[in-house]
There are 2 protein chains.
Amino acid sequence: MMYSAHVKVSQFLSRPCWSSNHLGVMSSRFMLQWRYSSSSPNPKPNVSGKRKMLLILGTGWGSYSVFKTIDKKLYDVMVVSPRNHFLFTPLLASTTVGTLEFRSIIEPVRNAGFRESGHFHLSYATGLDAEKQELFCTSVLNPDLKYSIPYDKLVIGVGALTNTFGVPGVSDYAFFLKEIADARRIRTRILSNFELALQPNNDLAENERLLHVVIVGGGPTGVEFGAELYDFIEQDVARLYRKMQGQVKVTLVESNKILSAFDARLQGYAEKKLKERKGFEMIQSSVVEVTKDMVRLSNGKIIPCGLVVWSTGLAPRPFTASLDFKKNKMGQILTDGYLRVKDDSSGNIFALGDCADIEDMSLPCTAQVAEREGRFLSQFLNSGCDEKTSKPFSFQSLGMLAYIGRYEALTDTPQMKIKGVPSWFLWRSAYLTRLGSWRLRMQVPLDWLKTLLFGRDISRLE
Amino acid sequence: MMYSAHVKVSQFLSRPCWSSNHLGVMSSRFMLQWRYSSSSPNPKPNVSGKRKMLLILGTGWGSYSVFKTIDKKLYDVMVVSPRNHFLFTPLLASTTVGTLEFRSIIEPVRNAGFRESGHFHLSYATGLDAEKQELFCTSVLNPDLKYSIPYDKLVIGVGALTNTFGVPGVSDYAFFLKEIADARRIRTRILSNFELALQPNNDLAENERLLHVVIVGGGPTGVEFGAELYDFIEQDVARLYRKMQGQVKVTLVESNKILSAFDARLQGYAEKKLKERKGFEMIQSSVVEVTKDMVRLSNGKIIPCGLVVWSTGLAPRPFTASLDFKKNKMGQILTDGYLRVKDDSSGNIFALGDCADIEDMSLPCTAQVAEREGRFLSQFLNSGCDEKTSKPFSFQSLGMLAYIGRYEALTDTPQMKIKGVPSWFLWRSAYLTRLGSWRLRMQVPLDWLKTLLFGRDISRLE
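Worth saying up front: this structure is predicted, and the values here are computed from it rather than measured.

Asks: Is there a simple way to think about helix α8 (residues 220-240) of chain B in this case?
Replies: The periodicity of an α-helix, 3.6 residues per turn, causes residues three or four positions apart to be oriented the same way. In this model, α8 of chain B (21 residues) spans 28 Å end to end at C-alpha, consistent with the 30 Å of a helix rising 1.5 Å per residue. In terms of burial, α8 of chain B is largely enclosed, as 15 of its 21 residues are buried.

Have a look at this one:
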C-alpha cells in the first residue's frame, strides 16, 4: 500500500525537533490525509493473515448485531461510527424525563470486543471508492483528520436522520429524539422551563408558553414521549412543582392518525386514553413553521410553546445521499435478498437498517427489522456468502409495542392484540429480555424501582 | 410593599392584546425589575401569618443542612441557588471516570420539601440591602429577569470558587472539579482523548500529549482524582484501550507536599504509593501558564498535555466579594460564634461554609465543617436565636479520609491513623452512612457493584 500525497505533512510534523505542543497546533492547522500502510502503528487490514477485513459502518441495531454475531475468527472486524456505544432506542423516550437514566440503556461497543482497540474509529464515513474497495472517513473529534480504510467486505448501517420536510425553523428550534444527546437536551429544557415558570416574572402568558410542549408526529416515538411526559407531570410535577401541575399543556400534532401502524382497535384505544388526559390536545394538521417560542400550523393557527419535539419519519444521511447506488424514492439504498447493494458488481458491499431497503420487500424502519437483518447478514458472511446454504432474508414480525402512559401499553402481534395494564407488563418484560447485556438487565429494572420508590430526579445538570 | 420603576414594563407586557409569542421575544428584550408584592402570584414572604421568612443562599453542605433541619413550622423557608440539587462532593472525583454515575451523588433540593414550589429560586444572589432586609437576585435561566426578595433572617452559604491565582489560561483551558458539570466535562475530555489517540494520525508525540493528564494541586480533590484516574487506567483502559495503556501519563504538580493536612506518616505512605504507579510523576513546583495543549512550570519546563485539572484552594464568589462586611484576608465573611455576620447590627444575617470564617477560629474549608455549622445554625434559629439556651459553635473534627487508588485509602482521626485496604473499607462505609437519602444509599453501592462486575462505562455522550 502507498502513502497518499499529504502524508509528507505528517512525516514532516513528526520530526523530533518539533516540540509536541507545536505539533498540537500544527496538526490542527494542517489537514492530514492518511492512509493505512505497513509503516503505520495501526493494524494492516487485509494483510492480516488469512482473515478478511470486514468494515462495519454504524453502531445501531443493524450494524451492532452484525458486529456481535460475526465470526471473528473468519473476519478482522473494524467499525467506523460517530457513536462509540449502542443505544437501546425503544427505551429512549423514558430517559427524557428520568424514568430511566441515560447510561442505563446504552452499551459501549468496545465491551463487545475488538481484536485491537484501534479497530473502532470514532469517525464519520464521508465517501466510498467501490472500485478500490476503500472507505473515506473524517474524525468526529478532529475534523482536520481525514483518512481512508481499505476493506474486503463493507456493511453500511449508518441509519437515517429525522426528516424535517424542509419546514423552516425545525433544525434550529425543534428537538429530535434519536440519540442520548437529544434526550438529555429535552430533559434539560423541560426542567429549565419548569424552574423558569416558577420565577417571579409576573407574566402568566409567558408561563403558559414555557409549560406548553408540542409534539410533532404521532408515531410510537412521539406518543411514547408524550406518555412519559404525562407520567412525569402526574407523578412528579404534582409533588415537586405543585403550583404548575394545572398549567402544563401538551399538544400532539399529526397530519394522519396516531400509531397508524397499529391495529385499529388498539389505535382507537390509545387515542381515547390520551384524550382523557387533562391538558392534552390532539390536532390533525401539519406544521409549517417553528420558531424560538411557537409552532405555526398549516391552518395558520399559532401555538406558543416552550418545547417542540419533532419525530416525523426519516431522511437519508449525507453519506447515504452521497453514494451513487440505486435507491428508492425515500433515498434508501436498494439491496437484494442477501442485503447486497444493487448495481454493485463486486458483491462485497452490504446495506441494512434504516438506510437501506430490500427491493420488492419495503420493510418498516424498525429496530426489529434492522436487528434481524444484522443477524441474517452475519450468518451469510460466516457461511462465506454461500447462496446455496443460505436462503434470502425473510421477515415475520414479532409484533409491535407502544407505551401510552399510566402503566398502560399496546401490544399488537399477529397472534394477539392486548391493551392496558397487562400489555404494559408485557411491554416492560419484553424489553427487559431484549436488553443486550447483563449490565443493562441489572440497571434498567433498578431504575424503574428507583423511580417507583423515590420519583424522578429533577436536578438540572446543564 | 411597592413596585419598583420597571414593573410598568411587565404590566405593559401582560396586556391581553399581546400574543404570548410576542411576549416571549419582548420579555427577553426588556429587563424586568421585579419585586414581591401583594399583587404577585408568588408567596408574600413576611406577610405569611406568624412565620418568619428565612432566606437561604446556596444548596451546598452548609445551606442544605440548615434547610433540612430547620423547623418549618417556625419559618417560611426560601432558597436561592444557581443549583437545584445538593451534591455529595466527597464522591465527585469518582464520577469523572464513571466509578459512580453523576446522578448517584446528587439530591434534588425540592425533594427535601418546600411549603410552596415557588420557594426555591434557580437564581444567583447579586446584591444585598441589609438596611431594608432585601436580597437582589438574577435568574440563572433568564439573565434579564432581576428581582428582589425581602427576608427576616438571611443565611449566606454560597460557597467559593476555585482559586486560579491569576495564572494566565487557567480559566480558559483548565478543568475545575467542584460541580457535576465539571466532572462531566472531565469525563468527556478523557474519553475523547482516548478515542482521538487511537485514530490513525501517525503522530506519536500528539498521542502522548493527548494521553498526558496534569493535575495541579495535591489536596484531597487532586489526589483522589488522580487515584480514580489510575484505577480507570488499570482496570478499564487495559481492557478497552489496550494499545494505549503504556502511553498514559499523569503528572501531579504541587508547590508544597501532597495531602499536607494529613498525619506525616499517612502522607508519606500516600506519596510512596502514588510514585510506585507506572507513568505517574510528582513535581514540586508551581504552574505559571496553561494553554490549549500544555502547562508551563515556574522553572520554565513545558508539559504538553491533553487535560489539566486544577484544584488549588478557594477564592470568594462575586457575591461574597460584593458584600461590604468585615472579611479575613482570604475574602471570607467574618462571623461570631453564632455564625452572625460581624458588623451587621441587625443580627439577622448569618454566614457559614466556605464563604465564611468564624473569627479567631479559622476552621478548614471542608464539607464536615460546613455541614456541622448548618446543623448548629438550625438549632440556634429554632431556639429563636436565644444565646442563653445555646452555646457558641465549637468544632471537634471527626477526622479526614482520602482515597489513594487500588482499593487503598487514608484515615486520619484523632483516635487512629489507618492506611491501605482496611482504610478503604472505612472510606466507603463512612461515606455510605453520610449519604443524605435512601435513593443515594441504594444507588451508590449499586454503582460500585456495577463497576466491579462490568467495568466503567466509556460511552462518549457529548
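Asks: Would you take a moment to explain the interface of chain A and chain B for this structure?
Replies: Many analyses report the size of an interface as the accessible area lost when the parts associate. The interface is formed by 79 residues belonging to chain A together with 78 residues belonging to chain B. Taking both partners together, chain A and chain B bury about 7300 Å²; carbon and sulfur atoms supply 55% of that area. Linking chain A with chain B are six salt bridges, by the criterion used here. Joining chain A to chain B, the criterion identifies 26 residue pairs in polar contact (both at pLDDT 80 or more). Sorting elements by how many residues they give to the side of chain A that touches chain B places helix α13 (residues 438-454) of chain A first, with nine residues. A per-class count over the side of chain A that touches chain B returns 34 nonpolar, 22 polar and 23 charged.

Asks: Sorry if this is basic, but what is going on with empty space enclosed by the protein here?
Replies: Where empty space is left in the structure can be found by rolling a water-sized probe over the atoms. The final tally for this structure, using the stated rule, is 14 cavities of 30 Å³ or more. Looking at the largest cavity, its volume works out to about 200 Å³. Surrounding the largest cavity, 18 residues form its lining, Glu101 and Arg103 of chain A together with Glu101, Phe102 and Arg103 of chain B being those nearest its centre. Elements represented by at least two residues in the lining of the largest cavity include exactly α13 of chain A together with α13 (438-454) of chain B.

Asks: What's the story with the sheet that holds strand β23 (residues 400-405) of chain B in this structure? I'm lost.
Replies: Note on sheets: strands pair through backbone hydrogen bonds, and any given pair is parallel or antiparallel. Residues and elements named next belong to chain B. Spatially, three strands are ordered β23-β24-β25 in an open sheet, and the strand pairing comes out antiparallel. Pairing within the sheet leaves two strands with one partner each, and these edge strands are β23 and β25 (417-420). For this sheet the average axis-to-axis angle between neighbouring strands, irrespective of direction, equals 10 degrees. As defined by bridge partners, β23 adjoins strand β24 (residues 408-412) across five bridges and the pair is classed as antiparallel. Note that in β24 the partner of Met400 across the bridge is Asp412.

Asks: I tried to follow the relation of the copies chain A and chain B on my own but got confused; where do I start?
Replies: Each of the two chain copies can be brought onto the other by rotation about an axis and movement along it. Here chain A sits on chain B after a turn of 180 degrees about the axis and a move of 0.0 Å along it, with an RMSD of 0.0 Å. Between the two chains, the operation in question is that of a two-fold axis. A share of 99% of interface residues in chain A that are also interface residues in chain B marks the association as one of identical surfaces.

Asks: It is not clear to me how the packing of aromatic side chains should be interpreted in this structure. Could you clarify?
Replies: In this description, an aromatic ring pair is defined by two values, namely the gap between the centres and the angle between the planes. Residue and element names in this part refer to chain A. On inspection of all chains with the given rule, the structure shows 36 aromatic pairs over all chains. Between Tyr403 and Trp427, the ring centres sit 4.9 Å apart and the planes meet at 20 degrees, which makes this aromatic pair stacked. Placement of the pair is Tyr403 in strand β22 (residues 400-405) and Trp427 in helix α12 (residues 421-434), with a sequence separation of 24 residues. Geometrically, the ring pair formed by Tyr407 and Trp424 is edge-to-face, given 5.1 Å between the ring centres and 75 degrees between the ring planes. With Tyr407 in the loop between β22 and β23 (408-412) and Trp424 in helix α12, this residue pair connects regions lying 17 residues apart in the sequence.

The rules behind the values
Residues numbered from 1 in each chain as written. Chains lettered and ligands numbered in written order. Predicted model: local features only at pLDDT ≥ 70, side-chain atom pairs only at ≥ 80, totals over all residues. Heavy atoms only, no water. Helix = DSSP H or I, 4+ residues; strand = E, 2+ residues; numbered from the N terminus. Expected span 1.5 Å × (residues − 1). Buried < 20%, exposed > 50% of the residue type's maximum accessible area, 1.4 Å probe, protein only. Contact = heavy atoms within 4.5 Å. Buried area = accessible area lost by both parts, 1.4 Å probe. Salt bridge = Lys/Arg side-chain N within 4 Å of Asp/Glu carboxyl O. Polar contact = N/O pair within 3.5 Å; in protein donor to acceptor, adjacent residues only side chain to side chain. Nonpolar A, V, L, I, M, F, W, Y, C, P; charged D, E, K, R; others polar. 1 Å grid on protein atoms, 1.4 Å probe; cavity = no way out; pocket = protein on both sides within 12 Å on 5 of 7 lines; lining within 4 Å. Points joined across faces, edges and corners; volume = space filled by probe spheres on them. Pairing = 2+ DSSP bridges. Axes fitted to C-alpha atoms, helices over the stretch in contact; angles between N-to-C directions. Least-squares fit on C-alpha atoms with pLDDT ≥ 70 in both. Phe/Tyr/Trp six-rings, centres within 6.5 Å; stacked < 30°, edge-to-face > 60°.

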